[in-house]
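# Secondary and tertiary structure notes
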Amino acid sequence: MSQIWTSIKERLKDELEKQSYLTWIVNTHATIDDDTLTVYSDYEFQRDWLEKQYKDIIFHTVKTITGQTYEIYFEVQPRKSFIESTEEKHYTLQDVDILKKKITELERTVQDLEDRLNRLEKKHFS
């Protein structure tokens, strides 16, 4: 399968703008099972974008390369090589406390932004 997906990606590389290809396609991987092709991305936003913006071109490219039609699905599954290359981290209590403080600060910032957005919406729609 990796050779088929590599061929599909090469064709997409020729058909898409360079930055689009690098942003959305280059880090994907895929599997074929019977009449289903599943494209895996590293994160949800990428998966959603691929499905909305690139499903048709992927479908047609797959058909051109393989001569067959497949149902195309998109899922989030970070590449194993990325997961395997990360080392297990050992955090101290001090590290955890620092992270908790940062999370609390970020939560306050998000709440402040949500409040500002609500005030702007009320002002705009009043």
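Values in this document were obtained by computation on a predicted structure and should not be read as measured data. Here the residue numbers are simple positions, counted from 1 along each chain's written sequence. Note on the predicted model: pLDDT of at least 70 is required for a residue's local features to be given, and 80 or more for side-chain atom pairs to be given and counted; whole-chain, interface and lining totals, by contrast, use all residues. To get the side-chain values, take all heavy atoms of the structure and skip hydrogens and water.

## A word on the packing of helix α2 (residues 18–25) against helix α3 (residues 44–66)
All axes are obtained by fitting lines to C-alpha atoms, using only the stretch in contact for helices, and the reported angles, taken between N-to-C directions, cover 0 to 180 degrees. What counts as a helix is a DSSP run of H or I of at least four residues, what counts as a strand is a run of E of at least two, and both are numbered from the N terminus. Where α2 meets α3, the axes come as close as 10 Å, and the angle between the chain directions of the two elements is 130°. One element, α2, and the other, α3, form an angle in the oblique class. Between α2 and α3, the contacting residues are S20, T23, W24 and I25 on the first element and F45, Q46, W49, L50 and Y54 on the second. Classes in brief: Ala, Val, Leu, Ile, Met, Phe, Trp, Tyr, Cys and Pro nonpolar; Asp, Glu, Lys and Arg charged; the others, Gly included, polar. Partitioning the contact of α2 with α3 into residue classes produces six nonpolar, three polar and no charged. An angle counts as roughly parallel when it lies under 35 degrees, as roughly antiparallel when it exceeds 145, as roughly perpendicular when it falls between 65 and 115, and as oblique in every other case. Contact between two residues is taken to exist if any of their heavy atoms lie within 4.5 Å; hydrogens are not considered.

## Let's talk about the pairing of strand β3 (residues 71–76)
On a regular strand, one side chain projects to one face of the sheet and the next to the other, so that they alternate. Any two strands are treated as partners once DSSP identifies two or more bridges connecting them. As defined by bridge partners, strand β2 (residues 36–41) adjoins β3 across six bridges and the pair is classed as parallel. Across the sheet, V39 pairs through a bridge with F74, a residue of β3. Crossover handedness is defined here as right-handed if the route from the first strand over the helix to the second strand goes clockwise, with the strands pointing away from the viewer. Each parallel crossover has a hand, and for β2 linked through α3 to β3 it is right-handed.

## Some thoughts on the sheet that holds strand β1 (residues 29–33)
Across a sheet, strands are paired by hydrogen bonds formed along the backbone, either parallel or antiparallel in direction. One open sheet holds the three strands; their spatial order is β1-β2-β3, and the pairing between them is mixed. The sheet is open, and its two borders are formed by β1 and β3, each paired with just one other strand. Ignoring which end each strand starts from, the neighbouring axes of this sheet average 25° apart.

## Some points on the side chain of S41
Topologically, S41 is positioned in strand β2. N or O atoms within 3.5 Å of each other form a polar contact, as long as, within protein, one can give a hydrogen and the other can take it, and as long as residues adjacent in sequence are counted only when both atoms are side-chain atoms. Within polar-contact distance, the side chain of S41 engages the backbone oxygen of Y43 at 3.3 Å. Ignoring sequence-local partners within four residues, the contact set of S41 consists of Q46, R47, L50, E75, V76, Q77 and P78.

## What about the packing of aromatic side chains?
Only Phe, Tyr and Trp rings take part, Trp by its six-membered ring, and two of them pair if their centres are within 6.5 Å. Stacked means planes under 30 degrees apart, edge-to-face means over 60, and tilted covers everything else. Under the defined criterion, the tally for this structure stands at three aromatic pairs. Residues W24 and F45 carry aromatic rings whose centres are separated by 5.8 Å and whose planes lie at 45° to one another, so their mutual orientation is tilted. On the criterion of sequence distance, the pair formed by W24 in helix α2 and F45 in helix α3 is long-range, its members being 21 residues apart. For W24, a relative accessible area of 13% translates into the label buried. For the ring pair F45 and W49, a centre distance of 6.2 Å and an interplane angle of 25° mean the geometry is stacked. Burial here depends on accessible area, computed with a 1.4 Å probe over protein chains only, as a share of the maximum for the residue type. Under 20% is buried, over 50% is exposed, and the range in between is partly exposed.

## Brief notes about the side chain of T28
If you trace the backbone, T28 turns up in the loop between α2 and β1. Side-chain polar atoms of T28 contact the side chain of W5, separated by 3.3 Å. Polar contacts involving the side chain of T28 include one to the main-chain carbonyl oxygen of I25, which spans 2.6 Å.

## A few points about the nonpolar core
Buried Ala, Val, Leu, Ile, Met, Phe, Trp, Tyr and Cys residues that are joined via side-chain atoms within 4.5 Å together make up what is termed a nonpolar core. L37, I58 and I72 are the most contacted members of the largest nonpolar core, which has 17 residues in total. Looking at this core, the elements with two or more residues in it are α1 (2–15), α2, β2, α3 and β3. Of all the elements, α3 adds the most residues to this core, at four residues. Aside from chain neighbours lying at most four places away, what touches I72 is L37, V39, K55, I58, F59 and V62.

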